[in-house]
Amino acid sequence: MSKHRRRQSRDIDPSSPGTWGPANEATRRRAIRCPVQMLFERGHLGVEEVRAAREIERVFVALTAGLFAKASLQESRGRRVDMGEIAAMAHARRYRPWADALSARHKAGGPPLLEVVIDCVVDGRSLAAVERDRRWRHGRAAGYLREGLELYVAMAGWKFRAA
């Protein structure tokens, strides 16, 4: 038996065949760390950017709620999902203009800021995973995430500069 197979067989949890054993605490912490929260804790994002990330996630989820499969009653099939008044206002006033601006910027040859923000904020993907998938160097995804959130804050008019 090769070394690899012996090592793998030791890591398998014998109480439940075919599954791996419990993860250690460091792995568990790493798995649940949100990129926005991590950048906020390190001082790279402000309170306004975190607020923008929460609103982007809330609007995106409300906007796409009818596209995903879910358990529901038979009588509600075919109905349009109500987005909610607050999410609809945020979508019309802030999210849509921001998404259109980032999309136009990307089509003109700019960085894919919208995709990075959606990947990290909505899908919860780590910055390292985004960089790995796009074959970028270390730190580029964090910069694009920060830039996209800062643009949302600026377009929303949430950040006021001191005179």
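All of the points below concern the structure found in this document. Per chain, the residues get numbers from 1 upward, laid out in the order the sequence is written. Reporting of local features is limited, given that this is a predicted model, to residues whose pLDDT is at least 70; pairs of side-chain atoms are given and counted only at 80 or more, and all residues count toward the totals for whole chains, interfaces and linings. The basis for the side-chain values is all heavy atoms of the structure; hydrogens and waters are excluded.

Some remarks on the overall build of the chain
Heads up, the condition is: Secondary structure elements follow DSSP: runs of H or I of four or more residues count as helices, runs of E of two or more count as strands, with numbering from the N terminus. Any residue under 20% of the maximum accessible area for its type is buried, any over 50% is exposed, and the rest in between are partly exposed; the area is computed with a 1.4 Å probe on protein chains only. By the convention used here, residues are in contact when the closest approach between their heavy atoms is within 4.5 Å. Each accessible area is a Shrake-Rupley estimate made with a 1.4 Å probe; only the visible protein chains count as cover when residues are assessed.
Within the chain, the secondary structure is distributed over 8 helices and 0 strands. Ordered by position in the sequence, the α and β elements of the chain form the string α-α-α-α-α-α-α-α. Scored against the burial criterion, the 163 residues of the chain give a buried share of 29%. In the chain, of all internal contacts separated by at least 6 residues, the share reaching a separation of at least 24 is 59%. Counting only carbon and sulfur atoms, one obtains 52% of the accessible surface of the chain, whose full area is about 11,800 Å².

Comments concerning the environment of Val 47
Along the chain, Val 47 falls in helix α4 (residues 47-63). Once the C-alpha coordinates of Val 47 and Lys 159 are considered, the two residues, 112 residues apart in sequence, prove to be 9.7 Å apart.

A short note on the packing of helix α5 (residues 85-107) against helix α6 (residues 113-122)
Going by this rule: Where helices are involved, their axes are fitted lines through C-alpha atoms of the stretch in contact, as for all axes, and angles between N-to-C directions lie from 0 to 180°. Oblique is the label for every angle not falling under 35 degrees (roughly parallel), over 145 degrees (roughly antiparallel), or within 65 to 115 degrees (roughly perpendicular).
For the pair α5 and α6, the least separation of the axes is 8 Å and the interaxial angle reads 125 degrees. Here α5 lies oblique to α6, going by the angle between them. Residues Tyr 95, Trp 98, Ala 99, Leu 102, Arg 105 and His 106 of α5 pack against Leu 113, Leu 114, Glu 115, Val 117 and Ile 118 of α6.

Some words on unusual backbone geometry
A positive phi angle is found at Arg 135, which is not glycine, with a value near 60 degrees. Assignment of secondary structure puts Arg 135 in the loop between α7 (127-134) and α8 (140-156). Among the residues examined, Arg 135 registers a relative accessible area of 78% and is labelled exposed.

Re the side chain of Glu 131
By the secondary structure assignment, Glu 131 is in helix α7. Once residues lying within four places of it in the same chain are set aside, the contact partners of Glu 131 are Trp 136, Arg 137, His 138, Gly 139, Arg 140, Ala 141 and Ala 142.

Considering the packing of aromatic side chains
In plain terms, the rule: In this scheme Phe, Tyr and Trp rings, the latter by its six-membered ring, pair at centre separations within 6.5 Å, and the angle between planes marks the pair as stacked below 30 degrees, edge-to-face above 60, and tilted otherwise. A ring has a charge above it when a Lys NZ or an Arg CZ is no more than 6 Å from the ring centre and no more than 35 degrees off the ring normal.
In total, this model carries 4 aromatic pairs according to the counting rule given. Centroid distance Tyr 152 to Trp 158: 5.8 Å. Interplanar angle 65 degrees. Geometry classified as edge-to-face. Each member of the pair, Tyr 152 as well as Trp 158, carries the same accessibility label: buried. Positioned over the ring face of Trp 158 is Arg 51, at 3.8 Å from the centre of the ring.

Some points on the nonpolar core
Defined as follows: Buried Ala, Val, Leu, Ile, Met, Phe, Trp, Tyr and Cys residues form a nonpolar core when they are joined through side-chain atoms within 4.5 Å.
Ranked by size, the top nonpolar core spans 33 residues in total, and within it Ile 56, Trp 98, Leu 145 and Leu 149 carry the most contacts. Elements supplying a minimum of two residues to this core: α3 (35-41), α4, α5, α6, α7 and α8. Beyond its immediate chain neighbours, meaning those up to four positions away, Ile 56 contacts Tyr 95, Trp 98, Val 117, Ile 118, Val 121, Leu 149 and Tyr 152.

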